[in-house]
Each structure stands twice: as C-alpha cells, then as structure tokens.
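Structural description and commentary
These are the residues of each chain, in order.
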Amino acid sequence: MVAIPDSGSQGLTVRDLLTRCAGTPLGDLALRAGGAGLGRRITRVSLQKTGLALTGQPQYLEDGRVLLFGRSEVQYLAGLDPGERAIRLRDVLRPGLPCVVVTAGLPIDPVLVEMADARGVPVLSTDVLTSETLVALTGVLEEGLAPMTTMHGVLVDILGLGVLLLGESGIGKSECALDLVVRGHRLVADDAVEITRRGSVLVGTSPALTRHHMEVRGLGIMNVQDLFGVASTRQRMQVEFIVRLVRWDSHTEYERLGLDEATELLLGLPVPVVTLPVGPGRNIGILVEVAARRHLLLARGISAAQRLAARLEAELKAGES
C-alpha cells in the first residue's frame, strides 16, 4: 500500500473564520473586542459551551475550540459583581482559547470587553440564535479545518465514478481526459486537483482560477465547457478510484489476472488503484474507461477474474475425480 502525503491542517485563524462566515447564516458575525488576537488559531471543529468554566472550573475548557456564550452564560455573568466577574473571566480567557462568540444578539458585558482587549482574545457576536449558531459555525469549521492536499493529476467523472489520473508530467493525463470528455464523460480538474477529506469521503475539485480549463501540448489552453458544453464538466466529485499511468517497460511485470486490487492511502483513506502502462498503440482513454467500469462491477461483487478462476478450479477438481 502506497501512502500519498497530505498537507495537513494548521488550524484556522479567527480572522479566517470571520471571512468564511460571510455569505453564510452567520454573515453578521462581527468583532466586538480583542482585535489583537485575530491571529489566534482554531484547531478543533467541535465548539464548547460549558457553563462550568464560568463557575470557577476552567479545567473543562479545551484549547483550540471556540467558546459560545448563550443566554444562560450571559445572564450568569450579569448576576456576579464586577470583581467576581473579572476573576471568572480571567480564568476563561486563557492563552489557548481562540475566541468567544456571543449569540442571539445578547449584550456584551463591559468587563468582558475590557478583559478581552487586555488579553487579546477576540470576542465576536451574532444575532443568530445559539442553536442555529452551533450548527452554522460547525459547518464552517468542518470545511475550513478539513485535511486537504493539492495533487498534480486529472480528476474525471466516469459513469458517476470519480477517477483520479496520476502519472509523471507529459505522460498523457490531459489527453486521456480529453478523450474521455469526447466519449461523454466529465472533467472536474486538470493539472491541479484539490482534494479534501470530509470524514470518510474524499472530495476533489479544481482551483477556481483554472476551473473548466485544460492544457494539451500542441494545442495550448482550452476551456472544456466552451468546447463541449456545460454537461462536459462538473465542479466537484468524490475521489473513489485512482488510475496511475506509467511508461511501458518491457522488463516490468504488470498485472495480468486482476485478482488482487491494490490501494493507496490518500489523506489517510485507502483508495483502490490500478497501474496502466502507456505505450505505442494503447488507447489509454478506452482502457481508463474500462478500468472504471470494471471497478463499478467489482463494487457490486462481480469479478470476471474470480469467476474464471472458480471455473478453472471446478474443471481441475472434476478432472481429478
């Protein structure tokens, strides 16, 4: 099994969070205090809303997680005298806390503002209800913190199967993808494929700048959608199958039976892979399409190689008896 490295995730800054929330249900999320800490990093998707931290038990707070203040937290703070409030907030606004989000348009305590500015902990606010903030913010963080990598390759949709074409530069990945598009399949990304892991699913897309474009040596840059119509491309696709193109080498032993299916680790997930040698007279586009069709059959439990092996074994047993 070959492991394909990932770029990993170094976290999301609070500044990035504000930018990503624009155009979402949290579009009104705004900075109210602690602007010096906008570079603090969020490293966890799950949010924390623990009233215990405000009752003198800050050990229940976890670094790297956004802290929500809803109605109960705001009302509890308001019931404390200013001195006690400052003590409790001093424990909460710790170095590892990325930011505090006050929900439901609740008023922000002046003591919280003062201490957040002094400690450089951003305080954000939104008019969205706490429950809705929890859902929307989790979605933003899931996307922003998802492990991702950018690979040199081509991603195509073949019969609903996301096929990632890999191989050295100049081996013919783009030409193969162009052949597949002519045959009615769809291009997702050419040259640079951005792959993000969402749980147990890998999703591939193209950088916005080069989306729908393809480079073919001798022809230059082409817009596939302009040439073949909107049905010839798609914006993103689940990566489920890898075809690795290699130059034909007469001294190399290639798979002949297809009984064993290899895998490669991509962002920590195993992805089925086949290796196709490229040589004169081989129509790589057709071979890639057949490899995709074969993979779809294998997913349904249909294997020509296994059926043939079973028949041969049955014949041998019959001959011995």
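Placed above this text is the structure.
Before going into details, it helps to say that this report is about the structure given with it. This one's a predicted model, so the numbers in the text were calculated from it and none came from an experiment. (Residues numbered from 1 in each chain as written. Predicted model: local features only at pLDDT ≥ 70, side-chain atom pairs only at ≥ 80, totals over all residues. Heavy atoms only, no water.)

With that settled, consider the pattern of salt bridges. Overall, the coordinates contain twelve salt bridges when judged by the stated rule. With a closest N to O distance of 3.1 Å, Lys49 and Glu73 form a salt bridge. In this pair, Lys49 sits in the loop between β4 (41–42) and β5 (67–69) while Glu73 sits in helix α2 (residues 71–78), placing the two residues 24 residues apart along the sequence. Assessed through its relative accessible area of 40%, Lys49 is described here as partly exposed. For Glu73, a relative accessible area of 4% puts it in the buried group. The salt bridge involving Arg88 is made with Glu84; its shortest N-O contact spans 2.6 Å. With Arg88 and Glu84 both in helix α3 (residues 82–92) and four residues apart, this pair spans about one turn of that helix. (Salt bridge = Lys/Arg side-chain N within 4 Å of Asp/Glu carboxyl O. Helix = DSSP H or I, 4+ residues; strand = E, 2+ residues; numbered from the N terminus. Buried < 20%, exposed > 50% of the residue type's maximum accessible area, 1.4 Å probe, protein only.)

What follows covers the environment of Cys176. Structurally, the position occupied by Cys176 is in helix α6 (residues 173–182). When the C-alpha positions of Cys176 and Val140 are compared, they lie 36 Å apart, and in sequence the two are 36 residues distant.

This part takes up the packing of helix α1 (residues 14–21) against helix α5 (residues 130–145). For the pair α1 and α5, interaxial distance at closest approach is 10 Å and the crossing angle is 115°. By the angle class used here, α1 and α5 are roughly perpendicular. The handedness of the crossing between α1 and α5 is right-handed. Contact with α1, carried on its side by Leu17, Arg20 and Cys21, involves Leu137, Val140, Leu141, Glu143 and Gly144 of α5 and no other residues of that element. Each residue belonging to the contact of α1 with α5 can be placed in one class, and the counts come to five nonpolar, one polar and two charged. (Axes fitted to C-alpha atoms, helices over the stretch in contact; angles between N-to-C directions. Parallel < 35°, antiparallel > 145°, perpendicular 65-115°, else oblique. Left-handed = near helix turned anticlockwise from the far one by under 90°. Contact = heavy atoms within 4.5 Å. Nonpolar A, V, L, I, M, F, W, Y, C, P; charged D, E, K, R; others polar.)

Attention now goes to the nonpolar core. Membership of the largest hydrophobic core comes to 27 residues, with the highest contact counts inside it found for Val156, Val163, Leu187, Met214, Val243 and Val288. Among the elements of the structure, β8 (148–158), β9 (161–167), α6, β12 (213–216), β15 (241–247), β17 (269–278) and α8 (284–299) are those that each provide at least two residues to this core. Sorting elements by how many residues they give to this core places α6 first, with five residues. Setting aside anything within four residues of it in sequence, one finds Met214 in contact with Ser174, Ala177, Leu178, Leu187, Asp190, Gly220, Ile221, Met222 and Val224. Residues Ala53, Phe69, Val102 and Leu106 belong to the second largest nonpolar core, which totals 23 residues. (Core = buried A, V, L, I, M, F, W, Y, C linked by side-chain atoms within 4.5 Å.)

As a further point, take the side chain of Thr133. Residue position: Thr133 is located in helix α5. Look at Thr133 and you get buried, because its relative accessible area is 0%. Contact partners of Thr133, with chain neighbours within four places excluded, come to Leu26, Leu68, Val101, Thr103, Thr126, Val128 and Thr138.

The strand order across the open sheet formed by four strands is β3-β7-β6-β5, and the pairing between neighbours is mixed. Each of the sheet's edge strands pairs with one partner strand only, and the pair in question is β3 (30–33) and β5. Each adjacent strand pair in this sheet contributes to an overall mean axis angle of 35°, direction not counted. Direction of pairing for strand β6 (residues 100–102) relative to strand β7 (residues 123–125): parallel, over a ladder of three bridges. Note that in β7 the partner of Val100 across the bridge is Val123. Along the sheet face, helix α4 (residues 110–119) touches β3, β5, β6 and β7 and points at about 90° away from the line of β3. (Pairing = 2+ DSSP bridges.)

Peptide bonds are, in most cases, trans, and in most cases residues other than glycine have a negative phi. In this structure, Ala104 is a non-glycine residue whose phi angle is positive, near 60°. One can find Ala104 in the loop between β6 and α4. Ala104 gets classed as partly exposed once you look at its relative accessible area, which sits at 22%. In the Ramachandran plot, Leu267 falls in the positive-phi region, its phi being about 55° despite a non-glycine side chain. Position of Leu267 among the secondary structure elements: in the loop between β16 (262–266) and β17.

What follows concerns the packing of α6 against α8. Running from N to C, α6 and α8 cross one another at 70°; their axes reach a closest spacing of 8 Å. Accordingly, the angle class assigned to the pair α6 and α8 is roughly perpendicular. On α8, the residues touching Cys176, Asp179 and Leu180 of α6 are Ile284, Gly285, Ile286, Val288 and Glu289. Partitioned by chemical class, the residues of the contact of α6 with α8 number five nonpolar, one polar and two charged.

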